[in-house]
Amino acid sequence: MQHKTDLPGLILALTSLVAILTALGLVFLYAPREATMGEVQRIFYFHVASAWVGFFGFFVTFVAGIAYLATSARRWDILALSSVEVGLTFITMTVLTGMLWARPVWGAYWTWEPRLTISAIQLLLYIAYVMLRRSVDTPARAARFASVYGIVAFVTVPLSWFAIRWWRTIHPDLFSAGGGMALTSRMVQTLLASLAAFTLLYATLLRQRIRLEQLADRLAWGREL
Amino acid sequence: MTFLRHVFAIVAKDLAAELHTKELVSAMLVFAVLATLIFSFALDLRGALAQAAAPGALWVTIAFAGTLGLSRSLAREELTGGMEGLLLAPLDRSAIFCGKLLGNLLFMILVELLLLPLFTVLFEVWLLRGSILLITALGTAGYAASGTLLAAIAVNTRAREVMLPILLLPLAVPVLIAAVQATGALMEGAALAEVGVWLRLLVVYDLVMLAVALLTFGYVVEE
């Protein structure tokens, strides 16, 4: 069979390339130097953007999980699985950039700062999801289990978030006092550009991952014949 | 009414099986005692440190002992074909879930009723208060609700028992934080109203988990 070029995918990839380069330019050339934290604050734009995509990826899996349980259509399962794998990459980036940022600003790689903590918990949920999928043999069953787990895991994230926040307010966090910063309009613009670029990158990776899974399905189907 | 009758029939079945084998409660209890001793050795829990660490040690013990009981309870159904029987019986799927949940909850609470006096004696902290029992019951209910659903998933994976803690513990974060904080405050003599925020969080978690589990359990056991 002739190899088809995925034109929309290619356009999406090129758009996100341009967006990422633009965001990089804004982050390093346009955004002002933060007064107290200095250059290291620039990691903020990548940190927040990857956290957003990490959370959004989880939300997509949650919705796709519900859709799969309702319809049993393979395409929803592919979407859920792809979104988890792409989201896992971004949430890992969130935790790593968070640690890199925390070290110079708060003096330690890890502080139990609520947002950083919830990202770490999301990372563990993502890993559990992937491990669950890998350890079920029947594809239909794996899809059902994963859908259920994606739904249950997603609904606990807000509860965990409140638990962590209240816990930290009751025991005041000494470190976070120095972490606050005022955003200038240039910073906000850069952040928005960064969010858009990361979201496009997520869409690109998601599309490629979905395609990969569809090709794997076709290959498996072809082998059975 | 038939729903409740079905639920109680399943609970009665689990109780009869447990009275016969005693494997769930005895395994959880022995593990819990061992964990308590290990906490005591590892952290050298005496005096003020014991006071500070007791709520955390208690809930870690409950959580880990709980995973043992939960996965055994569902594994027993799978191995003996009990789940198949329940699915073939003219029962609502949600009745099966509620029955298993109540049974698991009952066994966990039984273990906790023995664990609380043990902690009280070993760590010189006063845990036998009505308010602490309430928090323990609420925390255990939420943990057992998510645990029963996930154990039904875990027993059908290749890794079986290994899978349950990996799936369950990241979901149990709200329960563990709320229960540890509330237990700690109540232990130091706070009134129940002072831990209202944790109490509410536990109730919300319990209700959310119960709702989600009831909605999804049917898909988990479907063949």
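Structure shown above.
Residues numbered from 1 in each chain as written. Chains lettered and ligands numbered in written order. Predicted model: local features only at pLDDT ≥ 70, side-chain atom pairs only at ≥ 80, totals over all residues. Heavy atoms only, no water.

Describing the overall build of chain B
Secondary structure assignment for chain B yields nine helices and zero strands. In terms of C-alpha radius of gyration, chain B reaches 18 Å, essentially the compact-globule figure of 17 Å for 223 residues. The buried share among the 223 residues of chain B stands at 52%. Partitioning the contacts of chain B with sequence separation of at least 6, the portion at a separation of at least 24 is 81%. (Helix = DSSP H or I, 4+ residues; strand = E, 2+ residues; numbered from the N terminus. Rg over C-alpha atoms; globule rule 2.2 N^0.38 Å. Buried < 20%, exposed > 50% of the residue type's maximum accessible area, 1.4 Å probe, protein only. Contact = heavy atoms within 4.5 Å.)

Some thoughts on the interface of chain A and chain B
Counting residues at the interface gives 29 residues for chain A, matched by 29 residues for chain B. Both faces considered, chain A and chain B share a buried interface measuring about 2800 Å² in area, 75% of it formed by carbon and sulfur atoms. A per-residue breakdown of the area chain A buries against chain B is headed by Arg-144, Phe-145 and Leu-159 of chain A, which together make up 20% of the total. At the boundary of chain A with chain B, the tally comes to two salt bridges. (Buried area = accessible area lost by both parts, 1.4 Å probe. Salt bridge = Lys/Arg side-chain N within 4 Å of Asp/Glu carboxyl O.)

Considering the pattern of salt bridges
Residue and element names in this part refer to chain A. Enumeration according to the criterion identifies 19 salt bridges over all chains in this entry. Of the charged contacts in the structure, one is a salt bridge between Glu-113 and Arg-115, with a shortest N-O distance of 2.8 Å. For Glu-113, a relative accessible area of 6% puts it in the buried group. Measuring nitrogen to oxygen at the nearest pair gives 3.1 Å for the salt bridge that ties Arg-209 to Glu-213. With a gap of four residues between them, Arg-209 and Glu-213 both fall in helix α6 (residues 185-224), about one helical turn apart. Residue class for Glu-213 comes out buried when judged on its relative accessible area of 16%. Residues participating in the shared-partner salt-bridge network are Arg-74, Asp-77, Glu-85, Arg-133, Arg-134, Arg-209, Glu-213 and Asp-217.

Some thoughts on unusual backbone geometry
Residues and elements named next belong to chain B. Look at Lys-22: it is not a glycine, yet its phi comes out positive at around 55 degrees. Along the chain, Lys-22 falls in the loop between α1 (2-21) and α2 (23-43). Overall, the relative accessible area of 49% leaves Lys-22 in the partly exposed class. In the Ramachandran plot, Glu-124 falls in the positive-phi region, its phi being about 50 degrees despite a non-glycine side chain. Judged by its relative accessible area of 64%, Glu-124 falls in the exposed class.

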